[in-house]
Amino acid sequence: MADSIVDIIDKLKDLIDENGPNYLSDDPYGVFTELTESGACDRKTASAILCLLANGLSDAIGSDSDFMEVSGKIQKECSFNKRMADRVTVIFIQLYSRDNEEEWEKRDLGGLKSFKEEEFICSWEGTAYWDAGSGGVDCHYKAEIVLMPTEHIEIDRTLARALKQNPFMTKESIGDHYRKQLRKYLDCEFEYYCTCEEYYQPCVEDFMDDRDPVGTWCKENGFEPVACEGEGYDDGYEPKLWNGGW
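Residues numbered from 1 in each chain as written. Predicted model: local features only at pLDDT ≥ 70, side-chain atom pairs only at ≥ 80, totals over all residues. Heavy atoms only, no water.

A.B. asks: So what exactly am I meant to see when it comes to the packing of helix H3 (residues 28–38) against helix H4 (residues 43–54) here?
C.D. replies: The relative placement of two packed helices is expressed as an angle between their axes plus a distance between the axes. Closest axis-to-axis distance for the H3/H4 pair is 9 Å, and the angle between their directions is 165°. Put simply, H3 runs roughly antiparallel to H4. Like other packed secondary-structure pairs, H3 and H4 cross with a definite hand, here right-handed. Listed contacts from H4 to Pro28, Tyr29, Val31, Phe32, Leu35 and Thr36 of H3 are Arg43, Ala46, Ser47, Ile49, Leu50, Leu53 and Ala54. For the contact of H3 with H4, the residue count by class is 10 nonpolar, two polar and one charged. (Axes fitted to C-alpha atoms, helices over the stretch in contact; angles between N-to-C directions. Helix = DSSP H or I, 4+ residues; strand = E, 2+ residues; numbered from the N terminus. Parallel < 35°, antiparallel > 145°, perpendicular 65-115°, else oblique. Left-handed = near helix turned anticlockwise from the far one by under 90°. Contact = heavy atoms within 4.5 Å. Nonpolar A, V, L, I, M, F, W, Y, C, P; charged D, E, K, R; others polar.)

A.B. asks: For this particular structure, what's the right way to read the nonpolar core?
C.D. replies: Most often, soluble globular proteins have nonpolar side chains that are buried together. Ranked by internal contacts, the top residues of the largest apolar core, which has 33 residues, are Leu12, Leu24, Ile74, Phe92 and Leu95. Secondary-structure elements contributing two or more residues to this core are helix H1 (2–19), helix H2 (23–26), H3, H4, helix H5 (67–78) and helix H6 (82–95). With seven residues, the single largest contributor to this core is H6. If we skip the residues at most four places from it in the chain, Phe92 touches Leu12, Leu24, Ile49, Leu52, Leu53, Ser58 and Ile61. Ranked by size, the runner-up nonpolar core spans 32 residues in total, among them Cys122, Ala128, Phe190 and Val204. (Core = buried A, V, L, I, M, F, W, Y, C linked by side-chain atoms within 4.5 Å. Buried < 20%, exposed > 50% of the residue type's maximum accessible area, 1.4 Å probe, protein only.)

A.B. asks: Just checking my understanding: could you explain the pattern of salt bridges for this structure?
C.D. replies: Once the charged atoms of two side chains with opposite charge are near each other, the side chains can pair. Tallied over the entire structure, the rule returns 11 salt bridges. Measuring nitrogen to oxygen at the nearest pair gives 3.6 Å for the salt bridge that ties Lys11 to Glu34. Of this pair, Lys11 sits in helix H1 while Glu34 sits in helix H3, and the two are 23 residues apart along the sequence. For Glu34, a relative accessible area of 32% corresponds to the partly exposed category. Salt-bridge contacts for Arg179 lead to Asp176; the nearest nitrogen and oxygen are separated by 3.0 Å. Within this pair, Arg179 and its partner Asp176 are both found in helix H10 (residues 171–195), separated by three residues, close to a single helical turn. Residues participating in the shared-partner salt-bridge network are Lys13, Asp17, Glu103 and Arg107. (Salt bridge = Lys/Arg side-chain N within 4 Å of Asp/Glu carboxyl O.)

A.B. asks: When you look at the state of the cysteines in this model, what are you seeing that I'm missing?
C.D. replies: When the sulfur atoms of two cysteines share a covalent bond, that bond is a disulfide. Tallying each qualifying case throughout the model produces zero disulfides. Cys188 carries a free sulfur, and the closest cysteine sulfur to it, the one in Cys194, is 13 Å from it. (Disulfide = S-S within 2.5 Å.)

A.B. asks: It is not clear to me how the environment of Arg179 should be interpreted in this structure. Could you clarify?
C.D. replies: For the pair formed by Arg179 and Phe120, sequence separation is 59 residues and the distance between their alpha carbons is 8.6 Å. Setting aside residues no more than four positions away along its own chain, Arg179 makes contact with Phe120, Ile121 and Cys122. A polar atom in the side chain of Arg179 sits 2.9 Å from the backbone oxygen of Ile121. (Polar contact = N/O pair within 3.5 Å; in protein donor to acceptor, adjacent residues only side chain to side chain.)

A.B. asks: What's the story with the layout of surface pockets in this structure? I'm lost.
C.D. replies: To locate leftover empty space, one rolls a probe as large as a water molecule over the atoms. Reported here for the largest pocket is a volume of approximately 220 Å³. Lining the largest pocket we find Ile16, Pro21, Asn22, Leu24, Ser25, Ser58, Asp59, Ile61, Tyr96, Trp104, Asp108 and Phe168. Tallied by class, residues from the lining of the largest pocket come to seven nonpolar, three polar and two charged. (1 Å grid on protein atoms, 1.4 Å probe; cavity = no way out; pocket = protein on both sides within 12 Å on 5 of 7 lines; lining within 4 Å. Points joined across faces, edges and corners; volume = space filled by probe spheres on them.)

A.B. asks: Help me understand the packing of aromatic side chains, please; the structure alone is not making it clear to me.
C.D. replies: For any two aromatic rings, the description comes down to two numbers: the centre-to-centre distance and the angle of the planes. Going through the model one piece at a time under the given rule, you end up with 16 aromatic pairs. Arranged with centres 5.4 Å apart and planes meeting at 10°, the rings of Phe115 and Tyr178 form a pair that is stacked. Here Phe115, found in helix H8 (residues 110–116), pairs with Tyr178, found in helix H10; they are 63 residues apart in sequence, far enough to count as distant. Each member of the pair Phe115 and Tyr178 is classed as buried. (Phe/Tyr/Trp six-rings, centres within 6.5 Å; stacked < 30°, edge-to-face > 60°.)

A.B. asks: Just checking my understanding: could you explain the side chain of Ser65 for this structure?
C.D. replies: In this structure, Ser65 sits in the loop between H4 and H5. Within the structure, the side chain of Ser65 is placed 2.7 Å from the backbone nitrogen of Gly62, a separation counted as a polar contact. Not counting residues up to four positions away in its chain, the partners in contact with Ser65 are Ala60, Val70 and Ile93.

A.B. asks: Can you help me understand H3 in this one?
C.D. replies: Because each turn of an α-helix spans 3.6 residues, side chains separated by three or four positions in sequence point in the same direction. Among all positions of H3, only Pro28, Gly30, Val31, Phe32 and Leu35 are buried. Just downstream of H3, Gly39 is the residue with a positive phi angle, here 80°.

A.B. asks: Honestly, the side chain of Ser71 in this entry has me stumped. Any pointers?
C.D. replies: Along the chain, Ser71 turns up in helix H5. Among residues more than four places away in sequence, those in contact with Ser71 are Lys82, Ala85, Asp86 and Thr89.

A.B. asks: When you look at unusual backbone geometry in this model, what are you seeing that I'm missing?
C.D. replies: At Ser79, a residue that is not glycine, the phi angle is positive and equals roughly 60°. Within the secondary structure, Ser79 is located in the loop between H5 and H6. Of note, the phi angle at Asp212 is positive, near 45°, even though the residue is not glycine.

As structure tokens, then:
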């Protein structure tokens, strides 16, 4: 029994560590599924935990909670017998121990803090097509970009929602978010650069020098440019083939 309870507590802590402090109450059935499919918990206890979470009782349990008070409330709200109520009370009081609470407090937005302290590296490859009507050119550009986040980093609504849902979000996940944003921005800038002049073929290798899109993105998003090495090329002009008819 003791080993089983330890396994359950360890699994619940892993779920919080990975998904944030609100995960248990935000997704009770997801917790139930994780507990049963991982084999960390028997189905009967997992069902009891599901009921406790669905009733919002975990929000009131902490390291300083009174055991008998919590067990009594669980018996009343979930209609558990004393044995099951005591069992889940042990699980949650140990889960929300002082050590765990202090660890989670330190991790709050820790990924964002770590992200700000290190260089941000992004590789990008862009493609576009300049259409001259009678033919066109396939354009390509690739770059390796190194930036440094500043204290004035711009946190967009998508990232803000993600951090609110999971303040334990890792620096790697935050980096992936900004990498996606920067690549999307460069894709749009490169497309415009290659297609804005109808009668003049774009000089693809000058894309970064002519527009400085990375510098502009940095100013708008709170980063400082460190290094950027890029190379542009095209496949040469290809005339369109006439396919018949007047």
